[in-house]
Amino acid sequence: PKSKVMADSLVASEFFGFVPEKLYQEVYAIGYNEFLVAVTSLKEVLLQEFPEKQEEVERACSSLLASYSKQFDQQWFTRFLQYCSKNIFVVPRHVPVYEEDLGREENQEAVLRLEELRHCIMATEYLNSQLQARVKAMDEEIERRATLLQQVKKAERKEELLQRARELEGQLKQMTNSLFLEDHET
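Residues numbered from 1 in each chain as written. Predicted model: local features only at pLDDT ≥ 70, side-chain atom pairs only at ≥ 80, totals over all residues. Heavy atoms only, no water.

Caption draft 1: Just the pattern of salt bridges, in detail. Summed over the entire model, instances satisfying the criterion amount to 6 salt bridges. Linking R144 and E141 is a salt bridge whose minimum nitrogen-to-oxygen distance equals 2.6 Å. One end of the pair, R144, and the other, E141, are both in helix α4 (residues 105–185), 3 residues apart, so they sit about a helical turn from each other. On the basis of relative accessibility, which here comes to 42%, the residue R144 falls in the partly exposed class. Here E160 makes a salt bridge to R157, at a shortest N to O gap of 3.5 Å. Of the two residues, E160 and R157 are both situated in helix α4; the distance of 3 residues between them amounts to about one turn of the helix. The class for R157 is partly exposed, based on a relative accessible area of 47%. What emerges from the salt-bridge pattern is a single network uniting E141, R144 and R145. (Salt bridge = Lys/Arg side-chain N within 4 Å of Asp/Glu carboxyl O. Helix = DSSP H or I, 4+ residues; strand = E, 2+ residues; numbered from the N terminus. Buried < 20%, exposed > 50% of the residue type's maximum accessible area, 1.4 Å probe, protein only.)

Structure representation (structure tokens):
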């Protein structure tokens with residue numbers, strides 16, 4: 001049916017990004033034009049060699065062109081078109097292109113797998129956001145503990161200094177007492 005061919009053409013153009021039938025037409029035009037140039041060149045050479053047989057040369061070239069066109073269309077180009085349609089420009093069956101294709105039985109498995117993948121992506125995104133929140137909380141805790149550690153180190157240093165000051169104070173008292181005692185003794 002023509003609608004099926006049209007739908008296939010639309011599917012192919014959407015899948016490949018170009019219309020394969022246009023490519024076939026271009027290949028046909030190139031092949032035919034090259035043959036036409038060759039026949040025209042042959043005709044010119046024959047007319048130069050045999051100017052007296054112009055009518056026969058033109059009839060032979062026209063016959064050659066008609067015969068080649070028939071052979072080219074029926075044999076080579078038809079086979080080329082069939083080969084390309086069946087082997088090269090084939091839209092895989094599992095590729096849903098239209099919304100109505102999503103209902104086809106062979107696409108149901110792909111649709112289910114796609115839905116599973118969507119759920120996996122959503123779950124992964126949720127887990128990722130949870131992990132990011134935990135990492136942020138851990139970074140904040142590490143920063144808080146680093147600050148506390150610095151405060152403890154400062155406090156320990158202050159304590160050491162205070163202890164040293166007490167020791168020095170004790171030594172100073174001893175020295176003061178011993179000097180005072182020496183002054184009283186003398």
